[in-house]
Amino acid sequence: MNAATKPSDPERLHLQPGDVLLVTDIQNDFLAGGSLAVAGGDEVVPVLNRYIDAFVAQGLPVYATRDWHPPGHCSFYEQGGPWPVHCVQGTPGSAFSAALRLPPDTTVISKATLQNEEAYSSFHGTDLDSHLRADGIRRLFIGGLTTDYCVLNSVKDARGLGYEVFVLADAIRAVNVQPGDGQRAEAEMTSVGARRITLDDLAA
Ligand SMILES: [Zn+2]
């Protein structure tokens, strides 16, 4: 297929007003060398950059979420939680990857900002839903880290709130605390009505 045939291909997905790209937790602590590095996490960054390009080209909004913990957050080992210290507010590990090309007008959503409360969904305890509604968003395109935690729980909440959801299958990676967690999460997202897509599904 040559490029000229793509725009007229009815099988391809056309981005439209009311769409948003939600880039999930592309932070240094979840990437190679980070305190909670996710296998293959770095591989999604160039793919997400291509999605960002597609949304920016259409004048569509880009949101970025970040895990944004205070010191001594309840999810850390020393507080009895399941994770090593990660994404402490303002530390280098909490910063977005320098390789991620977020547009200057990106809406940043910080989550799990309270010491005694964990949040795996980007909707939990944040103003994400009100931002989306103010922007007239109906369809969410979600990628990033991690498949089996923040992406999964954000997708479930988004569906519960009535949004149409597309999971960017080529731009997510799982923690896989238990083998197969990522695959089970992907199946669960499909079961709640989210559609899996890849870059090739987008109309040029
Ligand atoms: Zn966290």
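Look above for the structure.
Remember, predicted model here, so these are calculated numbers, not experimental data.

(A) Spatial organisation of the overall build of the chain. For the chain, the count of helices and strands is four helices and six strands. Reading the chain from its N end, one meets helices and strands in the order β-α-β-β-α-β-α-β-α-β. Taking 2.2 N^0.38 as the reference for a compact globule, 204 residues should give roughly 17 Å; the C-alpha atoms of the chain span a radius of gyration of 17 Å, in line with that estimate. Overall, the chain is about 55 × 35 × 35 Å in size when its C-alpha atoms are taken along their principal axes. Counting contacts in the chain only where the partners sit at least 6 residues apart, residues at least 24 apart contribute 76% of the total. Counting only carbon and sulfur atoms, one obtains 51% of the accessible surface of the chain, whose full area is about 9,300 Å². Both charge centroids of the chain, one from 15 positive and one from 25 negative side chains, sit 6 Å from each other.

(B) Representation of the pairing of strand 3 (residues 107-111) within the structure. Covered by surrounding structure in strand 3 are T107, I109 and K111 only, the residues V108 and S110 on the alternate face being uncovered. Relative to strand 3, strand 2 (residues 62-67) runs parallel, the two being bridged by five bridges. Pairing of D67 across the sheet is with K111, part of strand 3.

(C) Expanded view of the packing of helix 3 (residues 147-160) against helix 4 (residues 181-191). Where helix 3 contacts helix 4, the two axes come as close as 9 Å, and the packing angle between them is 10 degrees. Taken together, the axes of helix 3 and helix 4 lie roughly parallel to each other. Between helix 3 and helix 4, the contacting residues are T147, D148, V151, L152, V155 and K156 on the first element and D181, G182, A185, E186, E188 and M189 on the second. Of the residues belonging to the contact of helix 3 with helix 4, the class tally is five nonpolar, two polar and five charged.

(D) Molecular detail of the pattern of salt bridges. Tallied over the full model, the rule gives nine salt bridges. A salt bridge links K156 to E188; the shortest N-O distance between them is 2.8 Å. Remark: E188 occurs in helix 4 and K156 occurs in helix 3; sequence separation between them is 32 residues. Given the relative accessible area of 31%, E188 is considered partly exposed. Through salt bridges with shared partners, one network takes in D25, D67 and K111.

(E) Summary view of the packing of aromatic side chains. Tallied over the entire structure, the rule returns five aromatic pairs. Between the aromatic rings of F55 and F141, the centroid separation amounts to 5.4 Å while the plane-to-plane angle is 70 degrees, which identifies the pairing as edge-to-face. Residue F55 is found in helix 1 (residues 44-57), and its partner F141 is found in strand 4 (residues 139-145); the two are separated by 86 residues along the sequence. Of the aromatic side chains, those joined through ring pairs into one cluster are F55, F141 and F166. The cationic tip of R66 hangs over the ring face of W68; the distance from NZ or CZ to the ring centre is 3.5 Å.

Cut-offs applied
- Residues numbered from 1 in each chain as written.
- Predicted model: local features only at pLDDT ≥ 70, side-chain atom pairs only at ≥ 80, totals over all residues.
- Heavy atoms only, no water.
- Helix = DSSP H or I, 4+ residues; strand = E, 2+ residues; numbered from the N terminus.
- Rg over C-alpha atoms; globule rule 2.2 N^0.38 Å.
- Contact = heavy atoms within 4.5 Å.
- Areas by Shrake-Rupley, 256 points an atom, 1.4 Å probe, with all protein chains shown as cover.
- Lys, Arg positive; Asp, Glu negative; His and termini not counted.
- Charge placed at Lys NZ, Arg CZ, Asp CG, Glu CD.
- Buried < 20%, exposed > 50% of the residue type's maximum accessible area, 1.4 Å probe, protein only.
- Pairing = 2+ DSSP bridges.
- Axes fitted to C-alpha atoms, helices over the stretch in contact; angles between N-to-C directions.
- Parallel < 35°, antiparallel > 145°, perpendicular 65-115°, else oblique.
- Nonpolar A, V, L, I, M, F, W, Y, C, P; charged D, E, K, R; others polar.
- Salt bridge = Lys/Arg side-chain N within 4 Å of Asp/Glu carboxyl O.
- Phe/Tyr/Trp six-rings, centres within 6.5 Å; stacked < 30°, edge-to-face > 60°.
- Lys NZ or Arg CZ within 6 Å of the ring centre and 35° of its normal.

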